[in-house]
Amino acid sequence: MQKNTARPLGVGLTILGALARLLPHAPNFTPVGGMSLFAGARLLGWRAYLLPLALMAVTDPLVGGYSFATPFVYASFLINVWIGSRFLRSTGNPLRIGAAVGVGSLQFFAITNFGVWLNFPTTYAHTLPGLASCYVAAIPFYGRTLAADLLYSAALFGLHAWLSRKVSVAERHKNRNALLAPDTVGVV
């Protein structure tokens, strides 16, 4: 059996996630964290990393442009892709996906707010208490990030699972840790 490397369903859903970013939303309630985890889990090789970065670069000017934080944000989303490729590639297990979302949201919070602390010395002193103040001030945004990552990850992984059964059977993944849908266990 030939390995499917094109993954049009995975690519299409990743693009859909990026387009959802253009919809009106509360601050930090975007699909990018979920889209990055999904891309890592369902796209192969360099495509998993390049597609989310390219989509971010294209949509950033439409949603507010680039800023001092852009390198920190992009690095964080590349880590999300890595988390998806490392821990979600062969599973559709909702508990594993949820755990990966939690880790991805937490590392996004830590990395991007460290970038804020570095770039705003007049707001946050470059001391340990200044860093702590920066993280405390960002806690409300973390709740939105986590909620968005959970929602969009559930939507993308759920749509992929459903569509790979109904439309694009070639993109089914080996589901070693499934809690649901036992009919897909062992299907490649």
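Below or above, wherever it landed, is the structure these notes cover. (Residues numbered from 1 in each chain as written. Predicted model: local features only at pLDDT ≥ 70, side-chain atom pairs only at ≥ 80, totals over all residues. Heavy atoms only, no water.)

**Re the overall build of the chain**
- If you tally the helices and strands in the chain, you get seven helices and zero strands.
- Helices and strands appear in the chain in the N-to-C order α-α-α-α-α-α-α.
- Counting only residues that meet the buried cut, the chain has 41% of its 188 residues in that class.
- Pairs at least 24 apart in sequence give 72% of the contacts found in the chain among residues at least 6 apart.
- By element, 72% of the accessible surface of the chain is carried by carbon and sulfur atoms, the whole surface being about 9600 Å². (Helix = DSSP H or I, 4+ residues; strand = E, 2+ residues; numbered from the N terminus. Buried < 20%, exposed > 50% of the residue type's maximum accessible area, 1.4 Å probe, protein only. Contact = heavy atoms within 4.5 Å. Areas by Shrake-Rupley, 256 points an atom, 1.4 Å probe, with all protein chains shown as cover.)

**Concerning the layout of surface pockets**
- Of the voids in this model, the largest pocket is the one considered here, and its volume is about 810 Å³.
- Lining the largest pocket are 32 residues, and of these Asn-28, Ala-69, Val-73, Phe-108 and Thr-112 lie nearest its centre.
- Elements with a minimum of two residues in the lining of the largest pocket: helix H2 (32-42), helix H4 (70-87), helix H5 (94-119), helix H6 (128-137) and helix H7 (139-166).
- Considered class by class, the residues forming the lining of the largest pocket number 18 nonpolar, eleven polar and three charged. (1 Å grid on protein atoms, 1.4 Å probe; cavity = no way out; pocket = protein on both sides within 12 Å on 5 of 7 lines; lining within 4 Å. Points joined across faces, edges and corners; volume = space filled by probe spheres on them. Nonpolar A, V, L, I, M, F, W, Y, C, P; charged D, E, K, R; others polar.)

**Section: the pattern of salt bridges**
- Under the criterion given, the structure shown has one salt bridge.
- Between Asp-60 and Arg-21 there is a salt bridge, and its shortest N-O distance comes to 2.5 Å. Of the two residues, Asp-60 sits in the loop between helix H3 (46-59) and H4 while Arg-21 sits in the loop between helix H1 (8-20) and H2, which places them 39 residues apart along the sequence. The two residues Asp-60 and Arg-21 agree in class, both being buried. (Salt bridge = Lys/Arg side-chain N within 4 Å of Asp/Glu carboxyl O.)

**Regarding empty space enclosed by the protein**
- For the coordinates displayed, the defined rule picks out one cavity of 30 Å³ or more.
- Looking at the largest cavity, its volume works out to about 30 Å³.
- Taken together, Ser-36, Tyr-49, Pro-52, Leu-53, Met-56, Tyr-74, Phe-77, Leu-78 and Val-81 form the lining of the largest cavity.
- Of all the secondary structure elements, the ones that give two or more residues to the lining of the largest cavity are H3 and H4.
- Here the residues of the lining of the largest cavity sort into eight nonpolar, one polar and no charged.

**Regarding the nonpolar core**
- The biggest cluster of nonpolar side chains holds 28 residues, and the ones touching the most others in it are Val-73 and Leu-88.
- Contributing elements (two or more residues each) for this core: H1, H2, H3, H4, H5 and H7.
- With six residues, the single largest contributor to this core is H2. (Core = buried A, V, L, I, M, F, W, Y, C linked by side-chain atoms within 4.5 Å.)

**Considerations on the packing of aromatic side chains**
- Enumeration over the complete set of coordinates arrives at eight aromatic pairs.
- An angle of 40° between the planes, with centres 5.5 Å apart, marks the rings of Phe-109 and Tyr-135 as tilted. Pair noted here: Phe-109 is in helix H5 and Tyr-135 is in helix H6, with a separation of 26 residues, a long-range link.
- Residue Phe-109 is classed as buried on the basis of its relative accessible area of 14%.
- Taken together, the ring pairs in this structure connect Phe-109, Tyr-135 and Tyr-142 into an aromatic cluster.
- Taking NZ or CZ as reference, Arg-86 lies 5.4 Å from the ring centre of Phe-87, over its face. (Phe/Tyr/Trp six-rings, centres within 6.5 Å; stacked < 30°, edge-to-face > 60°. Lys NZ or Arg CZ within 6 Å of the ring centre and 35° of its normal.)

**Topic: H4**
- Helix length check: H4, at 18 residues, gives a terminal C-alpha distance of 25 Å against a target of 26 Å (1.5 Å per residue), a fit within 8%.
- Every buried residue of H4 is listed here: Thr-70, Val-73, Tyr-74, Ser-76, Phe-77, Asn-80, Val-81, Ile-83, Gly-84 and Ser-85.
- Considering only its buried residues, H4 is in contact with H2, H3 and H5. (Expected span 1.5 Å × (residues − 1).)

**Quick word on a nonpolar patch on the surface**
- A contiguous nonpolar patch, built from Ile-15, Leu-19, Leu-22, Leu-62 and Val-63 and spanning about 420 Å² of accessible area, is present on the exposed surface.
- Relative to the helices and strands, Leu-62 resides in the loop between H3 and H4. (Patch = residues over 30% accessible without salt bridge, like charges linked within 9 Å, V, L, I, M, F, W, Y side chains within 5 Å.)

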